Amino acid sequence: MELIDLIRRNRSIRRFDESVKIDQELLQNFVEHARLSASARNQQSLKFLLVNDTEKNQKIFPLLRWAGYLIDWNGPGEGERPAAYIVVLHDNRIAKSHFCDEGIAMQSITLAAAEAGFGCCIIASVDRDKLRSTFRLPDYLDILDVLTIGKPAEKVVLEEMTSPDYKYWRDEHDVHHVPKRPQSEILWQSDLD
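Residues numbered from 1 in each chain as written. Predicted model: local features only at pLDDT ≥ 70, side-chain atom pairs only at ≥ 80, totals over all residues. Heavy atoms only, no water.

Asks: Describe the sheet that holds strand E6 (residues 156-160), naming the residues involved and giving the relevant values.
Replies: The three strands are arranged E6-E8-E7 in an open sheet whose pairing can be described as mixed. The strands lining the two open edges of the sheet, one partner per strand, are E6 and strand E7 (169-170). Where E7 meets strand E8 (residues 176-180), two bridges bridge the pair, whose relative direction is antiparallel. Residue pairing in the sheet places tryptophan 169 in a bridge with histidine 177 of E8. (Pairing = 2+ DSSP bridges. Helix = DSSP H or I, 4+ residues; strand = E, 2+ residues; numbered from the N terminus.)

Asks: Let's hear about the environment of proline 76: which residues, and what values?
Replies: Along the chain, the position of proline 76 falls in the loop between helix H3 (54-60) and strand E3 (84-91). Beyond its immediate chain neighbours, meaning those up to four positions away, proline 76 contacts Arg14, Arg15, Phe61, Trp66 and Arg81. (Contact = heavy atoms within 4.5 Å.)

Asks: Lay out the side chain of serine 108 in plain terms, naming residues and giving numbers.
Replies: Along the chain, serine 108 turns up in helix H4 (residues 101-115). Residue classification places serine 108 among the buried residues on the basis of a relative accessible area of 17%. Side chain to side chain, serine 108 and serine 37 meet in a polar contact 2.6 Å long. Setting aside anything within four residues of it in sequence, one finds serine 108 in contact with His33, Ala34 and Ser37. (Buried < 20%, exposed > 50% of the residue type's maximum accessible area, 1.4 Å probe, protein only. Polar contact = N/O pair within 3.5 Å; in protein donor to acceptor, adjacent residues only side chain to side chain.)

Structure follows, in structure tokens:
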């Protein structure tokens, strides 16, 4: 598969087939992609908490806020929830800032997951205080984001943005639509040309 095809397939998935489990070894493989990725100043200050246990999953799920643009949807229901989570942490003893490492690492993980047939959703809207206390995380680990991972149980369609409205939406068949700005709108021409 070409990289552009993998990027097209690597969408934010919010409904999963919860019966398909993800073992610890596969999660470690996904994180290995992040470990080998670029790191600002090569400080490598990110840490990853891997969770794939049903009981622990049930503790994380209510601490996340899902799909802000879908105002009538409270997140995935029973049987549609993630099989695993990766909590992305920054060790502030190593570096004061994680710069762009978080984005690079999560893109590497989500691409690896997509290549393996799984889907992810990066969630930044997290009850960090409760997550910290639930997993007894020390103060020197800043909670950045939570990656949800599972077998996709929804269809996501990319489409050209034809109006100023950039919000994703679901149609009457529950297909998730994601408008993307056309390339002509994102390429900037310098007046020096």
